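Working through the structure, step by step
So the chains spell out like this:
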Amino acid sequence: MMSVTCHNLEFGRIRLDFVGCGCSSNASPNRFPVRNCAEGMLRNVCRPRKLSCKKREVGRCRVFSTKTPETFLNGVTAGPPTVLDSKQEKKGPSSLSDMFEVVADDLLTLNKNLQSIVGSENPVLMSAAEQIFGAGGKRMRPALVFLVSRATAEIAGLKELTIEHRRLAEIIEMIHTASLIHDDVLDESDMRRGKETVHQLYGTRVAVLAGDFMFAQSSWYLANLENLEVIKLISQVIKDFASGEIKQASSLFDCDVHLDEYLIKSYYKTASLIAASTKGASIFSGVHSDISEQMYQYGKNLGLSFQVVDDILDFTQSAEQLGKPAASDLAKGNLTAPVIFALEKESKLRDIIESEFCEKGSLEEAIDIIEKCGAIERARDLAREIADRALKNLDCLPESSFRLGLEQTVNYNLERIK
């Protein structure tokens, strides 16, 4: 039986309780040590190597930030929240819309406001925004804002959510959308959720400017919330996006990447925004900082678990299900949890990856190795372990339909890999 061991990653003064998977019952908690992260040291390792099939010299630089995330700080007018019996049988929802039903009215209001909040100064930018806002997004991040807002508002004795709660949800969705536009440019992706990407339709220049515009517009609305704690919290997320992209770009086809480095990158690219969303919502509710910290930890662990699950699905689902080519991350040299686990067992996989799949059929061979060596199951264990932590973070909340929705979001994520 495979066991899962836990360890902590230190970002200077901030401890992020990530987890690692071991393949034996006596695996050490330090199986995946953090190399120089705790000291916040700059590490720049260049390893020139020659790719025989391409006959060219390639210099690989691995860059690690000298700065660490700041301590994440400690949330709309609607009718009184609907409180359901959360002690009923907790069956997994069949869809995200089911689990977000208790905040459906909040999400409806958000959808109406998104277009107007982007602004109408430039028709091209508006058209680009409409393309991605209308591409069938799940609105998971603003839904989490509303669920945490309502769950913590009950603790604080608020009968209704505040304007700040609603505006935070809108800002979070704008930031997420801007990051998707930029991600598609960097990844040269032609499809997003089964539709053509903004840069495919309008060109790279417009896509970059559209993403920049949304980041700037969201920052303006963020400043107008006039809550320094939340401003610092959300501003850090935008920096984290850039840090995550730099880490990913500087480690493509690098078979020496460790699991802790993958988790840090995943935190920057995915979990940071969700953690800021859930903590920011609790701050606007005015609850104790201990509860806000648990909401941050919930968002962080949920975000990491979602990323690991997405990386598993990249190998187990078809292109039609994914809305993009299967194993696209591996093809581009972005090594995720299943690949990292497979590299520990299969030396041949290293040779294939380092050749950058220059031989015909080499990508398919690599996928076959990953699928057969047990790496995907180890990644599943990793996702489950992080998800368990997210559920424990909810213990500070009273039983309610909103807490149930937060629990169901965690379980729904795991259902995707069953």
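Numbering of residues starts from 1 in every chain and runs along the sequence as written. A pLDDT threshold of at least 70 governs which residues receive local features in this predicted model, and a stricter bar of 80 or more applies before side-chain atom pairs are shown or counted, although totals over entire chains, interfaces and linings include all residues. Calculated side-chain values reflect all of the structure's heavy atoms, with hydrogen atoms and water omitted.

**Some remarks on the overall build of the protein**
Each helix is a run of H or I in the DSSP string that is no shorter than four residues. Each strand is a run of E no shorter than two, and both are numbered from the N terminus. Along the backbone of the protein there are 17 helices and 10 strands. Only protein chains enter the accessibility calculation, which uses a 1.4 Å probe; a residue whose area is less than 20% of its type maximum is buried, one above 50% is exposed, and one in between is partly exposed. A buried classification covers 54% of the 418 residues belonging to the protein. Entry remark: accessible area of the protein is about 18,100 Å², with carbon and sulfur atoms responsible for 50%. Method for areas: the Shrake-Rupley scheme with a 1.4 Å probe, in which residue coverage is limited to the protein chains shown.

**A short note on unusual backbone geometry**
The phi dihedral of Glu 226 is positive, around 55°, even though this residue is not glycine. Tracing the backbone shows Glu 226 in the loop between helix H7 (204-223) and helix H8 (228-249). On the basis of relative accessibility, which here comes to 71%, the residue Glu 226 falls in the exposed class. Of note, the phi angle at Phe 357 is positive, near 55°, even though the residue is not glycine. Here Phe 357 falls in the buried class, since its relative accessible area comes to 14%.

**Re the packing of aromatic side chains**
Aromatic rings from Phe, Tyr and Trp, taking only the six-membered ring of Trp, are treated as a pair when their centres fall within 6.5 Å; an angle between ring planes under 30 degrees marks them as stacked, one over 60 as edge-to-face, and anything in between as tilted. All chains considered together, the criterion is met by four aromatic pairs. A ring pair is formed by Trp 220 and Tyr 221, whose centres lie 5.1 Å apart and whose planes are at 85°; its orientation type is edge-to-face. On the accessibility criterion, Trp 220 (52% relative accessible area) is exposed.

**Focus: the confidence of the model for the protein**
pLDDT expresses, on a scale from 0 to 100, how confident the predictor is about each individual residue. This prediction gives the protein a mean pLDDT of 78; 71% of its residues lie at or above 70. When the criterion is pLDDT under 50, residues 1-15 qualifies, and its contacts beyond four places in sequence or with other chains add up to 56 contacts. Any two residues whose heavy atoms approach within 4.5 Å at even a single point are treated as in contact. Note on residues 17-91: pLDDT is under 50 here. Beyond four places in sequence and across chains, it has 219 contacts.

**A look at the nonpolar core**
Here, nonpolar core means buried Ala, Val, Leu, Ile, Met, Phe, Trp, Tyr and Cys residues that are tied together by side-chain atoms lying within 4.5 Å of each other. Of all hydrophobic cores here, the largest spans 103 residues; its most connected members are Phe 100, Ile 234, Leu 330, Val 339, Leu 349, Ile 353 and Ile 370. The greatest single-element share of this core, amounting to 14 residues, is contributed by helix H9 (residues 259-285). If near-sequence neighbours (up to four positions away) are discounted, Ile 234 is found in contact with Leu 168, Ile 172, Ile 175, Leu 222 and Ala 276.

**Overview of helix H14 (residues 347-354)**
Listed as buried for H14 are Leu 349, Ile 352 and Ile 353. Seen end-on, H14 carries its buried residues on one side only, within an arc spanning 95°. Turned more than 90 degrees from where H14 packs its buried face, Ser 347 and Asp 351 sit exposed. Buried residues along H14 sit in contact with helix H12 (328-331), helix H13 (337-345) and helix H15 (362-372). By construction, the arc corresponds to the directions joining the helix axis to the C-beta atoms.

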